[in-house]
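Structural overview
Residue-level listing of the chains:
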Amino acid sequence: MTTLATEDTIADVEVRPAAPARAFRLPRLTRGQLIAGAVLGGLGLIPIIVDRAPTPNIHQWEYIGAYIAVWAMLELSVVVVTGYAGLISLMPFTFVGVGCFAAGVAVSVWGWPFWLAIPFAAAATVPISLAVGVASVRLKGLYLAIATLTFAQALGETLFKWDAFTGGQAGHSVADELKLGPIDFAGEFAFYLLAMAVALGMVWMVHGLKSSRAGRAMLAVRDNEREAQALGINAVKTKLTALVIGGAIAGVGGAFYLGLLKSPAPAGFQSPSVDISSVLLVVWAVIGGIESAFGAFLGATALIAQQQIFQGAEKLFQFVGVYAALVLVTFLIFRPGGLVQVVKITRERIRANPATQIPIAVAVVGFNVLLGYLIVHYGAAD
Amino acid sequence: VVLAASSLPVVEVASFGLAKGAVYALLALGLVLIYRTTGVTNFAHWGVGLMGIVFYFLLTSKAGSEPGVAALLSVAACALIGALIYRLVFRYVKRTNQLVLILIALGVAQFFTAAAAMGFGFEATTVVDPWLPVSNIKVGSATISSTQVISAIAALGIALLFMIWFRYSRTGRALRAVAQNREAASLAGIDEHRYSTIAWAIGSALACLALLLVIPHNAGQRGGVITTADITPFGNFLIPAFGAALVGGLVNLPLAVVGGFAFGVAQEMMILAPEPWNNLRSTIAAIMIVALLLLHTERFFVARAEQEALEA
């Protein structure tokens with residue numbers, strides 16, 4: 001069927017033929033990936049360092065870090081469903097909402113501990129995943145996109161207006177219940193560490209999924225459903241697997257979304273505001289690299305970073321939507337593999353001609369300095 | 001079963017439904033035209049129409065022009081925007097990949113949503129002047145608004161004129177040729193890009209017209225109120241409009257118009273339903289759309305070759 005891969009990205013999609021596909025296996029990490037993980041995990045140190053700085057808005061940093069982690073989880077669900085399995089779902093944020101309010105009911109109504117609410121949130125998305133799955137068996141491409149849009153609308157009008165589920169207009173409040181033994185996750189720094197650890201773990205697992213048997217089946221079904229079936233792959237089962245995994249990831253993300261915002265209102269999951277968030281999720285998954293788990297993380301970081309940069313500066317903030325859309329369209333036309341592809345192409349260019357290292361390094365460092373300056377100067381205010 | 005909202009006479013509800021249906025019908029016409037000729041499922045249709053409202057708002061409130069003139073100018077501006085979208089974006093996208101096409105359409109939708117938010121100045125609500133005569137008409141015991149009647153009739157008239165033009169004019173025939181067989185059309189000397197541009201321009205102008213019928217009149221005498229719910233990628237209208245287009249399998253123009261009115265009336269008739277059900281307007285639309293999708297309505301209207309060209 002459809003695929004994002006062009007000749008440029010084909011290397012990205014190709015599965016390594018040498019390794020035997022097991023039912024599920026975690027990837028062996030290369031040195032580069034370990035370094036990347038260490039750097040991302042090292043972000044956890046920033047709040048400690050910044051904590052000593054005499055800035056009045058210290059906690060903002062922990063919040064931003066947690067925000068990136070949570071948003072990365074949400075992007076991962078898009079990676080599995082749309083990137084791996086090629087199913088265009090325009091309702092990812094609805095799954096997040098289901099997880100969010102399921103966790104809210106568990107924690108604030110039934111009095112469950114937060115750690116138990118997370119798997120419950122994941123499980124709560126399964127019925128909806130299956131409903132979409134049934135539709136996806138018969139609907140392809142744009143027809144599935146329209147169907148998921150209407151699902152999101154209908155659920156926004158029924159499920160997210162059901163007070164027993166949403167906790168009324170104001171949503172569930174869980175500020176006091178976020179505890180794991182002696183650790184209080186209501187504290188921003190602890191919550192940040194937990195969310196970042198879970199997000200990185202999920203990146204690792206989604207990356208592993210790609211080369212597992214289930215993941216290879218998804219890629220095969222995405223690229224050519226008939227061919228995949230001829231090879232003995234059960235397309236229906238594969239699609240359902242992708243949707244259930246993607247839904248569960250979004251559900252876990254939803255539980256953390258609840259932990260992050262403490263009491264999100266159900267209005268954000270009702271139509272048409274849910275459309276904004278769902279489109280935003282898909283758009284930034286593409287900018288990060290929709291076929292890559294690391295891309296999800298990059299996309300989330302880029303989104304939150306630019307939001308934070310622009311938030312403090314009212315004049316700039318007006319342009320953020322227009323700018324993001326331009327970035328998306330440019331990426332889709334010229335770099336359909338997203339930021340991940342940009343990194344890969346740059347690396348190959350350096351390998352082919354080591355002399356380009358210096359200007360590229362200067363550009364990257366310069367860009368980061370500029371970014372840092374903008375964040376310090378305009379972001380983190382208010 | 002108690003009819004909770006039965007204080008509203010059926011005539012009033014039906015007139016609301018027909019006015020809403022008129023908007024769906026015009027939006028669906030544009031969707032069908034663009035999908036048939038260029039293969040793009042235009043998720044940016046609402047956003048483009050919204051830009052027309054921005055022009056209308058700026059012209060009437062800032063430039064102080066006559067509402068009627070402003071409406072006309074906005075339609076023209078939207079046609080230009082549509083042409084530009086094709087020339088600058090979709091012309092360069094390979095048609096073979098529905099996923100990329102949809103994602104780009106979403107990007108374009110986001111672009112115009114954000115631009116519209118800028119145009120309205122990030123207010124929670126924006127008020128625009130009406131351009132159609134607003135008054136109340138008595139029909140028996142019911143009171144209906146003149147703009148509803150005008151909307152329904154105007155939409156029908158525009159749709160009819162458009163379909164006649166699409167069927168008999170030279171441009172219309174060329175557009176249909178491009179839709180049916182791109183290669184054969186270009187062998188016959190029809191410039192594919194030129195006619196795709198025309199299709200986008202006309203489709204976008206129709207979107208603008210649809211929005212101009214509803215938004216400046218949604219608050220009756222006071223004009224129109226634009227809320228943040230309108231400044232979203234799909235608004236409240238685009239999804240039922242897709243449903244309407246699906247009645248004709250996304251390719252059949254007359255049935256898309258019929259579908260538009262059917263969706264509008266069906267949604268408004270939900271008001272007459274008993275208590276817990278009367279708020280489920282989107283849900284009824286969703287059920288209808290899923291039913292239409294599962295029927296695969298497109299197979300009734302297009303030759304296999306054209307369908308394969310569209311879905312490649």
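No experiment lies behind these values; they were computed from the predicted model shown.

Residue and element names in this part refer to chain B. Here strand S1 (residues 125–128) shows a clear split, with Thr126 and Val128 buried on one side and none of Thr125 and Val127 buried on the other. Inspection of the sheet shows S1 paired to strand S4 (residues 224–227) by 4 bridges, in the antiparallel sense. The residue of S4 that forms the bridge with valine 128 is glycine 224.

Before going further, it helps to examine the confidence of the model for chain A. All names here are of chain A. Mean pLDDT over chain A: 78, with 75% of residues reaching 70 or higher. When pLDDT is averaged over each element of chain A, helix H13 (residues 235–261) comes out on top at 93 and helix H3 (residues 45–52) at the bottom at 45. Every residue in residues 5–15 scores below 50 in pLDDT, and together they form 17 contacts with partners more than four places removed in sequence or on other chains. Considering only residues more than four positions removed or in separate chains, one finds that residues 44–58, a stretch of pLDDT under 50, has 16 contacts.

On to the interface of chain A and chain B, then. On the chain B side, the residues contacting the 40 residues of chain A number 45 residues. Of the roughly 4000 Å² buried between chain A and chain B on both sides combined, carbon and sulfur atoms contribute 77%. Looking at the side of chain A facing chain B, the largest losses of area belong to Leu142, Tyr143 and Glu157 of chain A, adding up to 16% of the total buried there. On inspection of chain A and its partner chain B, the count reaches 0 salt bridges. Connecting chain A to chain B are 5 residue pairs in polar contact (both at pLDDT 80 or more). Looking at the side of chain A that touches chain B, the elements with two or more residues in it are helix H8 (141–157), helix H14 (273–288) and helix H17 (320–334) of chain A. Examining the composition of the side of chain A that touches chain B, we find that 12 residues originate from one element, H8 of chain A, more than from any other.

On to the confidence of the model for chain B, then. All names here are of chain B. In this model, chain B carries a mean pLDDT of 86, and residues with pLDDT of at least 70 account for 94%. Under a pLDDT of 50 for its full length, residues 1–6 has, in the predicted model, 6 contacts with residues more than four places off or in other chains. As scored by the predictor, the complex reaches a pTM of 0.83 and an ipTM of 0.87.

Cut-offs applied
Residues numbered from 1 in each chain as written. Chains lettered and ligands numbered in written order. Predicted model: local features only at pLDDT ≥ 70, side-chain atom pairs only at ≥ 80, totals over all residues. Heavy atoms only, no water. Buried < 20%, exposed > 50% of the residue type's maximum accessible area, 1.4 Å probe, protein only. Helix = DSSP H or I, 4+ residues; strand = E, 2+ residues; numbered from the N terminus. Pairing = 2+ DSSP bridges. pLDDT = per-residue confidence, 0-100. Contact = heavy atoms within 4.5 Å. Buried area = accessible area lost by both parts, 1.4 Å probe. Salt bridge = Lys/Arg side-chain N within 4 Å of Asp/Glu carboxyl O. Polar contact = N/O pair within 3.5 Å; in protein donor to acceptor, adjacent residues only side chain to side chain.

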